[in-house]
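Per-entry structural report
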Amino acid sequence: MTKPVVYLAGPIAGTKQGEAFEWRDQATSRLADRGIEARSPMRAKRELFAGAIGHNYRAYAGRGWAYTPEGILTRDHNDCTTADAVLVNLLGAKALSFGTGMELAWCYDHHIPTVVAIEESGNVHDNHPMFVAAVKFRVPTLEEAIDAVAVILGR
């Protein structure tokens, strides 16, 4: 029997040192404990852990295929649309995440369950009706999101 797969979506551009990695590492570990494989958009990008990640993607494109617009879009689209579920972490987001919005749209279109960790109110993503409509399950903590994904996948 193969393990179910969960894609870990959430803001990357504009995050502080390690922020885009730390919650994904935690979720990966917790999901693995329940027999679930996690896929991170930060894989093959560990060198970005050492500093803040800027909004100018062009500054990173010279680091290899995984940093190019085509590489990012192709891999993330494949990861989202082949996952059994998607866990989205929007906790503490200060600006709309365009990439996360695209990922939610792909999941919506492919009927892939999404669990979103987001504040009960006041998150910037609550101001966009398409974000709100695309969220299948909404929980206030990362721990609850991990648990909800596991339960949805029967783990």
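Read on for a plain summary of the structure. (Residues numbered from 1 in each chain as written. Predicted model: local features only at pLDDT ≥ 70, side-chain atom pairs only at ≥ 80, totals over all residues. Heavy atoms only, no water.)

1. Describing the pairing of strand E4 (residues 114-117)
What you see with E4 is no split at all: Thr114 and Val116 on one side and Val115 and Ala117 on the other are buried throughout. With four bridges connecting them, strand E3 (residues 85-89) and E4 associate as parallel partners. Directly across from Asn89, in E4, lies its bridge partner Ala117. One crossover worth recording links E3 to the parallel E4 by way of helix H3 (residues 98-110), and it is right-handed. (Buried < 20%, exposed > 50% of the residue type's maximum accessible area, 1.4 Å probe, protein only. Helix = DSSP H or I, 4+ residues; strand = E, 2+ residues; numbered from the N terminus. Pairing = 2+ DSSP bridges. Right-handed = clockwise from strand over helix to strand, strands pointing away.)

2. Quick look at the sheet that holds strand E1 (residues 5-9)
Reading across the sheet, the five strands line up as E2-E1-E3-E4-E5 and stay open at both edges, with parallel pairing between neighbours. The sheet is open, and its two borders are formed by strand E2 (37-39) and strand E5 (137-139), each paired with just one other strand. Taken over all neighbouring pairs, the strand axes of this sheet differ in orientation by 25° on average, direction set aside. (Axes fitted to C-alpha atoms, helices over the stretch in contact; angles between N-to-C directions.)

3. Focus: the packing of aromatic side chains
Two aromatic rings, taken as a pair, are described by how far apart their centres are and by the angle between their planes. For the coordinates displayed, the defined rule picks out zero aromatic pairs. The positively charged end of Lys45 is found above the aromatic ring belonging to Tyr67, 5.5 Å away from the centroid. (Phe/Tyr/Trp six-rings, centres within 6.5 Å; stacked < 30°, edge-to-face > 60°. Lys NZ or Arg CZ within 6 Å of the ring centre and 35° of its normal.)

4. A look at unusual backbone geometry
Its identity as a non-glycine residue notwithstanding, Ala44 has a phi of 70°, on the positive side. As for its position among the elements, Ala44 is in the loop between E2 and helix H2 (69-82). With a relative accessible area of 61%, Ala44 lands in the exposed category. Backbone geometry at His111 places phi at a positive 55°, although glycine is not the residue there. Checked against the element boundaries, His111 lands in the loop between H3 and E4. For His111, a relative accessible area of 69% gives the class exposed.

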